[in-house]
Structure formats: C-alpha cells, structure tokens
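Coordinate analysis (summary)
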Amino acid sequence: MYRFLLTPRWWGINLFAVLAIPLCVFMGTWQLGRFEDRVQSHEQAAKQPAPGARAAKPLDDLLPVDTVTSGRPATATGRYADQFLVPGRELDDKSGFYVLNMLRTDGGKALPVVRGWLPGRPGHTPVPAAPTGEVTVTGDLQASENTGTDGVDTAGGLPDGQLGMISAASLVNLVPYDVYDAWVTLQDTDSNAAAEDSTLRPVPAVAPQGSGLDLKAFQNLGYTGEWFVFAAFVLFMWFRLVRREAEAERDVKLGLVPDTDTDAGTRTA
C-alpha cells in the first residue's frame, strides 16, 4: 500500500521532511539555549554586590569590559581635555544631556568620562567647568555604546562639540589621540566639578546588554516555540499526505473510485 513513497514525487516530499524537521528542532534548541544563557547571566548579575559596594580597581585591570566587569568602579589618573555634550539623554523621565570629558591618561590613551547629566538642551544650559590639573577619577565602568543603546543618536548632523554615541568608534575621528573602548560614569559629581559648580547629576550605570531578562530574552523563548511548532507542523502535514495517498489507493482497489490511469489506457486503446 505504501509503495507510492518510493515514487519520484514522494522522494522530494520525503527529502523535504527529513531536512526540515531536524533544522527546525536545531533552531528551536539554539534559541532555547540563548534564553537559558540570558537567564543564567541575569541570576549571576543578581548575585553580584551593588557597584558602590565593590572596591575600585585600576581601569586597565578591568578591561576589556564584559558582563563581570561592567558596572565595576574603575580609577584612572590624568588631565581633562576635550569636552563633548551628548544630547537626547533622559534621567528620571526628564530630557537633558550628558557632559563628557576626555581624560588624557599618562599612558597616552584617553578615557571618556561622563561627569554628569544636565536638564535642557546643549547650548542653552550652562555647563560646569571641568577641574584643571591632574585628577584621579573613580567611576562605574561601561561598555561602548552601539546603535541599539537607548538614547543613541544615529542620525548624524550634530553641531560641533556634540556626540551622538559614546564609543571609541565615534570618537576616533573627533580627537587626535587613542581612546579606550570603554567609558566611566561618575557618581560623585561634586568632587569632579569646579568648586563653584554643583549642578551636575550622576548618571547611573546600566546593566550590560544581554545580561538580563529583557524583551530580547523573551523573544528567544518565543522563537523557540515557533521553531518547535514548525517541526510539528511539517511532521503533521507529512503524515496527512501519506494517509490521504494511502486512502486514495485503497479506494481505487476497492472500486470506490475509478483508476484514472486504467481509464486513460482503455480510452487510448
């Protein structure tokens, strides 16, 4: 009854099923693994002590930035150089901008330092002056931003002195020196501003991307279900086609329906 499975037409159907089902299972398993990785990283992050409770370490000891070192207090010594304003950043549901200064370290590289946040628009709000001379800063370490980071301006066309994304890639063409592929955000803004200025508000450190149960994590879980449903659908359709073909052959043998091939041969003769 099932000899039709060896016909050329069914070779193609069988091959499709044999390839599609393992592929769907593999992709579903991979997406499930991504979700489990995010759950594990979220649990590890929850067990970590608060950033302020950990001892500060030299910047070079914490690089490169990863899910373990992100948010750790880092120290660096140098002199403030170029200043940039980072527009379109919100704090406590208020619109404002970051004040970022490049800290030229003794090693030659510069560290982007977010000294704080100010409400309003760049150019319309007075900006506190950065300290002069050699300073030692302690700030929460952060990975370079990318196009998926909240608040990043990728449209371009910003005025001189403004920066849309805090990253070494965006700064490399703006300053004539090497830049660390990381940045720090100061939590003690008063001690890192000129004596007469104390209006800067600290910018909280954010968790590294991919380390929490965010929307992407649940998207991975949703994709897992979709791939397994696709695998089940392919298997269901294969069984349904096999059953329909077998029933059709059985009906022909019982004479319930005419055999089209036989009728065609009779008419030809």
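Everything in this summary refers to the structure shown in the same document. (Residues numbered from 1 in each chain as written. Predicted model: local features only at pLDDT ≥ 70, side-chain atom pairs only at ≥ 80, totals over all residues. Heavy atoms only, no water.)

1. Details of the overall build of the protein chain
Looking only at helices and strands, the protein chain has 5 helices and 6 strands in total. Shown N-terminal to C-terminal, the secondary structure of the protein chain runs as helices and strands in the order α-β-α-β-β-β-β-α-β-α-α. Taking all 269 residues of the protein chain together, 35% fall into the buried category. A separation threshold of at least 6 residues defines the contact pool for the protein chain, and within that pool the share at least 24 residues apart is 66%. Summed over all atoms, the accessible surface of the protein chain reaches about 16,100 Å², with 57% contributed by carbon and sulfur. (Helix = DSSP H or I, 4+ residues; strand = E, 2+ residues; numbered from the N terminus. Buried < 20%, exposed > 50% of the residue type's maximum accessible area, 1.4 Å probe, protein only. Contact = heavy atoms within 4.5 Å. Areas by Shrake-Rupley, 256 points an atom, 1.4 Å probe, with all protein chains shown as cover.)

2. With respect to the pattern of salt bridges
Summed over all chains, the structure comprises 3 salt bridges. For the salt bridge of R9 with E245, the shortest nitrogen-to-oxygen distance reads 3.0 Å. Here R9, found in helix α1 (residues 8–47), pairs with E245, found in helix α4 (residues 215–253); they are 236 residues apart in sequence, far enough to count as distant. Residue E245 is classed as partly exposed on the basis of its relative accessible area of 22%. Here E145 ties to R89 by a salt bridge, and the two come within 2.9 Å at their closest N and O atoms. (Salt bridge = Lys/Arg side-chain N within 4 Å of Asp/Glu carboxyl O.)

3. Focus on unusual backbone geometry
Looking along the chain, the bond that leaves L63 and enters P64 is cis, with omega of -5 degrees. By the element assignment, P64 lies in the loop between α2 (59–62) and β2 (73–91). Residue D92 is not a glycine yet carries a positive backbone phi of 55 degrees. Position of D92 relative to the elements: it lies in the loop between β2 and β3 (94–105). Positive phi is not limited to glycine here, since D93 has a value of about 65 degrees. Classification of D93 by relative accessible area gives exposed; the value is 76%.

4. With respect to the pairing of strand β6 (residues 183–186)
Judged by which residues are buried, β6 turns out to be covered on both faces: W183 and T185 on one side and V184 and L186 on the other are all buried. Summarising the sheet, strand β4 (residues 110–119) and β6 pair through 2 bridges and their orientation is parallel. Among the inter-strand pairings, V114 is bridged to a residue of β6, identified as T185. (Pairing = 2+ DSSP bridges.)

5. Digging into the pairing of strand β5 (residues 134–142)
It is a general feature of regular strands that their side chains alternate between the two faces of the sheet. Bridge count for β2 against β5 is 7 bridges, and the pairing is antiparallel. Within β5, the position partnered with P73 by the bridge is D140. Summarising the sheet, β5 and β6 pair through 4 bridges and their orientation is antiparallel. Bridge pairing links G139 to L186 in β6.

6. Considerations on the environment of L118
Here L118 is to be found in strand β4. Once residues within four sequence positions are removed from consideration, L118 is found in contact with G96, F97, V99, T125, P126, V127, P128, T199 and L200.

7. Here's the deal with the packing of aromatic side chains
Tallying each qualifying case throughout the model produces 3 aromatic pairs. Aromatic pair F35 and F218: ring centres 6.2 Å apart, planes at 55 degrees, arrangement tilted. Of this pair, F35 sits in helix α1 while F218 is found in helix α4, placing the two residues 183 residues apart along the sequence. Exposure remark for F35: the relative accessible area of 15% places this residue in the buried category. Lying across the ring of Y177, R104 places its NZ or CZ 4.1 Å from the centre. (Phe/Tyr/Trp six-rings, centres within 6.5 Å; stacked < 30°, edge-to-face > 60°. Lys NZ or Arg CZ within 6 Å of the ring centre and 35° of its normal.)

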